[in-house]
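Structural characterization, general
The primary structure of each chain is shown beneath.
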Amino acid sequence: MSRRSPRNVFNTPKTYQPSRSSSRPSPTPSRTEVLLEELGIETDDLGIQQLESSSGSEGEGSEDGDHLQAEGLSSDAKVLHRELSQVKIERDELLLRVKTLREKSDHYQQLANKEKTSKSQQIKILRKTHENQLSAKSQLMQNLHDIIEEQEGKIFELEAQLQGTPIPETRPSTLSERVRSLSDSLDKLQAQMALMKEKQMVEGTSSKQEQNKENTTPGTINNSQMASYLTEINHLKKKLEDSNKTNQKLQEEQLHKIKGLTDNEKEVEYLKEEMEKMRKEKEETEEKYQEKLKNITEEGKSKKKQEAESFALKERMKKMKKQLEEASKQHQTELKTLEEEKRELEERLKDEMKTAGEEKQRLEKEFVKEKLKMEERLKEQDSLLTKVESEFEKLKASPKVVEVEVEVEVESEDLKAALTRSTGQCEELKAQILKLKQLCEAGVTDLQAKEVENMELSKQISDQENELESLKAEVEQEIIAMKKDKENALNNLKKDMRRQSDIISHKYEALRTCFTRLRPGLLMIGEEYKQLRALCKQFPAMLNKAIEETKKEIQQALESLEDRNLELEQRYHKELARRKKYHNELVDLKGNIRVFCRVRPIIKEDGSGIMAKNVVNFDLDDDGLISLVNKTRRTTYEMDKVFTAEATQQEVFAEVEPLVVSSVDGYNVCIFAYGQTGSGKTFSMEGPPSNPGINQRALQLLFTEVEQRSSEWEYSIKVGVMEIYNENLRDLLGDNPIAKLDVKLNPEGGLHVPGLTEIEVESASDINEVFQIGRKNRSTASTDMNERSSRSHALLCVTVTGTNLRTRTKTIGLLICRPAGSERVGKSGSNTDADRMKEAQNINKSLSALVMSSRPKREASHIPYRNSKLTYLLQESLGGDSKTLMLVQVSPVAKNSGESQCTLSFAQRVRSVELGSAKKKVETAEIAALRERLSQYENGAVGQYSSPKPKGTPSSRKGTPKAR
Ligand SMILES: Nc1ncnc2c1ncn2[C@@H]1O[C@H](COP(=O)(O)OP(=O)(O)OP(=O)(O)O)[C@@H](O)[C@H]1O
């Protein structure tokens, strides 16, 4: 006995085919066989055959009751089999329906998945197309931005050049920069484009810099600029071509990626065509522009027009910028709306997909539940079937009963018992069959319920199918709507692109017109620039030539100037010498006092600091000028000769020499120094032994002069030294230096000092001895030598008497040399001591008298010579027909500037004093003889006269000085 597995049952086809045993040939199976086969019972078992045979034998003859019972059982079994077969069929049908439902659900799931994938792909494509559109737009904007920026730059530069202002490095923020900021927010492609743009910008700026370098002169545009413009235009073209190429590449890539998606493909292709058209249009416009540019070269217009046109161009550019701004804004808003719509669609699709998925999951769960239930029921039915089979197994055992019946026919009691048993068994069987029937009924009801459920499920599935279909329709509608939106967006994009292309073409037109207008001016400027350049090229050579020529001229001029200067200098010096000579002659004629000025050097005693600074300046060209700064005021004084601090004693004496010689000629010569204390009077007049001053040098000169004239003249030189101290006159060569002398008027005219010692000297060494005697006597006269020296006036009186050996005529010259002080009372520091005050006052009195005596001759009648001993003694030398030299000593330091100013002012006034022309003291031989006799006569009666001492032994001898 074999059972059919449920799997085999599930595998049954839609039209039921009962399985048959191949080993057993049965051409026309009976109904029982069919049932048994359907129930999975082997037909070779005896049961049914016996039943059939028994049923067949029933008709042939046996007892009616048993036969009827058997018939009833078989009919019940048959019905049961039929019912079972029907249940099986129904079950199979249900399973088939479930299977079909499952297949349908799988199919729908596949469809949903496909739809999902197609939608996601569509979304991707839409996104990519959108991105492509964005990139195309951004590229267009980028190109526009680049073009505008470059054109702005050009206009900016042109404006700067036309206005003549230098091109600033920074420009005001423009629309292009704002567009750039927009483009910066785009995706990587835009970033790449921005990088490309930056590179181009760098190239553009470098080219601009080069251009700026070329345009060194503002306000001029040359051919090189024009060429740079053309190169920039070419550069623009290249950039456009490059951008188009990149666009094409990107589009190709996109095409490659979205291959198979016809709508997007078409859109992209359309965009591509549009881009291609735009590119062609641009190329055409560029070609036209090129052609027109070539034609422009022959036209010419004025510069003002160019300026106006550039202004108009600028205005147009501004308008274009505004338009572009608006377009970009619109584009941005459209992009935003498109993006929002796209997002909404995506969200909706997601939601729908989500709900479909949920529904699918729910159906799957229900299906699983139903499947489980069905499996349970099948199990139950299987169990029922096993029961039924077991019953049939028992029924199989029924042939025994037949055997019993046969035995009953032989043995009636046993038969009866068997019958009763069989009837009992039949009853039990009936009861079991009833039970089975009930179970079958229950199964049928369950099956009916299941059918209902299945119906419901099928309804649900159909509803779901409907829902899916409706969803599908909705999705399709949405897709259609999206397509429409997309088409609209694409149309808008196309419109935008067309508009932008129109703007670009307009801009190109404007630029072209601008360049056509600017071209002639630029060409003119270029021509001018060429000419200027040629001139500039020639300029260095010309300049060098001119420089050479001018150098030569300057050299020649300098040479001639030098010659001229030398000549002038020589002339000047000649003139100066002549002037001096004339001046000296004039001085001789007028009898002016010669005024020499000597500035001592700065010494230790002057101290340091600001007050020890030099305030005296000299004129290098004129040795008669000296200037002094006192209290920030500079005053220039004119002297006969100015000696600087560097002047030596020798140089000073060289100027004094002619005067000294004059004394040998018989002139009355007076040399005295004047200046404040410490200004160098003693240094100049006496000098240190190593560097003697005027006194010694004068006496030495006298000797040399006398020596030279010794062949014709015989000279005697007598020296007397006096000192005026505190208005007392003392003889410094006398035996009693303290004894006071007096100045008396000679009855014959002139003055004389009775009692003054005169020593006749014959050599320079005699002079030294005389000076030593004088110093010695001076020191014995005063205990304080330093104090005295500043308040006393020492006079050296030299009388030179010459006798002509041939004519015996005599010349008598007198040389008086003395230093003098000019200090002020206040500055002497002696105002506390009455005596010293008196001395200082006397010195000043003498000096002021001397200044008074320096007035012009016409005022000389009022000169108070008698005010002081000094002036009284020197009145003949100062006021008479003598030659007088005043050596003005000046301290150079700032602290003495006041005194120096007084000294120089005084000297300036003294210089203007006219004493009258000097006269020689010449006596004829007769007069000389008479004078000799008179002197011999007077020698014993009137005065004492000192005879010269023998050489080398000077001694004081009293006598009257030779008065003239
Ligand atoms: N030309 C000179 N070169 C160098 N030293 C000088 C010169 N003139 C003056 N001196 C110096 O200046 C100082 C003052 O000079 P000096 O005694 O001759 O002045 P002074 O006018 O005679 O003064 P005082 O009226 O008080 O006698 C001295 O030490 C002297 O050596």
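What counts and how
- Residues numbered from 1 in each chain as written.
- Predicted model: local features only at pLDDT ≥ 70, side-chain atom pairs only at ≥ 80, totals over all residues.
- Heavy atoms only, no water.
- UniProt positions renumbered as here; feature names shortened; annotations may be inferred.
- Near = heavy atom within 4 Å.
- Polar contact = N/O pair within 3.5 Å; in protein donor to acceptor, adjacent residues only side chain to side chain.
- Areas by Shrake-Rupley, 256 points an atom, 1.4 Å probe, with all protein chains shown as cover.
- Nonpolar A, V, L, I, M, F, W, Y, C, P; charged D, E, K, R; others polar.
- Pairing = 2+ DSSP bridges.
- Helix = DSSP H or I, 4+ residues; strand = E, 2+ residues; numbered from the N terminus.
- Axes fitted to C-alpha atoms, helices over the stretch in contact; angles between N-to-C directions.
- Buried < 20%, exposed > 50% of the residue type's maximum accessible area, 1.4 Å probe, protein only.
- Lys, Arg positive; Asp, Glu negative; His and termini not counted.
- Salt bridge = Lys/Arg side-chain N within 4 Å of Asp/Glu carboxyl O.
- Contact = heavy atoms within 4.5 Å.
- Core = buried A, V, L, I, M, F, W, Y, C linked by side-chain atoms within 4.5 Å.
- Patch = residues over 30% accessible without salt bridge, like charges linked within 9 Å, V, L, I, M, F, W, Y side chains within 5 Å.
- Charge placed at Lys NZ, Arg CZ, Asp CG, Glu CD.
- Phe/Tyr/Trp six-rings, centres within 6.5 Å; stacked < 30°, edge-to-face > 60°.
- Lys NZ or Arg CZ within 6 Å of the ring centre and 35° of its normal.

The name that an unreviewed UniProt entry assigns to the protein is Putative kinesin-like protein KIFC3-like, with the source organism given as Stichopus japonicus. Listed in UniProt under the heading Subcellular location (unreviewed entry), the comment for the protein reads: "Cytoplasm, Cytoskeleton". Per UniProt, the protein carries the Sequence similarities (unreviewed entry) text "Belongs to the TRAFAC class myosin-kinesin ATPase superfamily. Kinesin family."

The next point concerns the site of the ligand. The full set close to the ligand counts 13 residues, and Thr677, Gly678, Lys681, Thr682 and Phe683 are the nearest of them. In the model, an oxygen atom of the ligand is placed 3.1 Å from a nitrogen or oxygen of the Gly680 main chain. Its free accessible area being 620 Å², the ligand has 72% of it covered by the protein chains. Residue composition of the shell around the ligand, grouped by class: three nonpolar, seven polar and three charged.

Read from one edge of the open sheet, three strands run S2-S3-S4, paired in antiparallel fashion. Strands at the two margins of the open sheet, each flanked by one partner only, are strand S2 (616–618) and strand S4 (633–638). Ignoring strand direction, the axes of neighbouring strands in this sheet form an average angle of 25°. As defined by bridge partners, strand S3 (residues 625–630) adjoins S4 across six bridges and the pair is classed as antiparallel. Among the inter-strand pairings, Ile626 is bridged to a residue of S4, identified as Tyr637.

Looking at the element boundaries, Arg697 is found in helix H14 (residues 694–708). Although Arg697 lies buried, it forms no salt bridge, and the closest oppositely charged side chain, Glu657, sits 8.7 Å away as judged by the N-O distance. Other than its neighbours up to four places away in sequence, Arg697 contacts Gln649, Gln650, Phe653, Asn691 and Pro692.

Moving on: the nonpolar core. Among the nonpolar cores identified, the biggest contains 40 residues, and Val660, Ile671, Leu702 and Val798 are the most heavily contacted of them. Mapped onto this core, the elements with two or more residues apiece are helix H12 (649–665), strand S6 (668–674), H14, strand S7 (713–725), strand S12 (759–761), helix H15 (764–781), strand S13 (792–804) and strand S15 (883–890). Apart from residues no more than four positions distant in its own chain, Val660 is found in contact with Phe653, Ile671, Ala698, Leu701, Leu702 and Leu815. With 22 residues, the next largest nonpolar core counts Cys597, Ile626, Leu628 and Val910 among its residues.

Look at the UniProt record and you will see "coiled-coil region" (unreviewed entry) annotated at residues 141–199 and 544–578. Helix makes up 100% of residues 544–578 and strand 0%. Its end C-alpha atoms lie 48 Å apart.

In this section: the UniProt feature "binding site: ATP" (unreviewed entry) in the protein. Mapped onto this structure's residue numbering, the UniProt feature "binding site: ATP" (unreviewed entry) falls at Gly675, Gln676, Thr677, Gly678, Ser679, Gly680, Lys681 and Thr682. Relative to the helices and strands, Thr677 resides in the loop between S6 and helix H13 (681–685). Following the sequence through the fold, Thr682 ends up in helix H13.

Further remarks concern a negative patch on the surface. Residues Glu340, Glu341, Glu344, Glu347, Asp351 and Asp485 make up a contiguous surface patch of negative charge. For Glu344, a relative accessible area of 48% puts it in the partly exposed group.

Okay, a nonpolar patch on the surface next. A contiguous nonpolar patch, built from Phe539, Leu543 and Ile547 and spanning about 250 Å² of accessible area, is present on the exposed surface. Structurally, Phe539 can be placed in helix H11 (residues 412–590). For Phe539, a relative accessible area of 45% gives the class partly exposed.

On to the packing of aromatic side chains, then. Summed over the entire model, instances satisfying the criterion amount to three aromatic pairs. Look at Trp713 and Tyr715: their rings are 6.0 Å apart centre to centre, the planes differ by 25°, and that puts the pair in the stacked class. Across this residue pair, the class does not change: Trp713 and Tyr715 are buried. The ring of Tyr667 is capped by Lys883, whose NZ or CZ atom sits 4.2 Å from the centre of that ring.

A word on the environment of Lys99. Structurally, Lys99 can be placed in helix H4 (residues 64–163). Judged by relative accessible area, which is 48%, Lys99 ranks as partly exposed. When the C-alpha positions of Lys99 and Lys371 are compared, they lie 10.0 Å apart, and in sequence the two are 272 residues distant.

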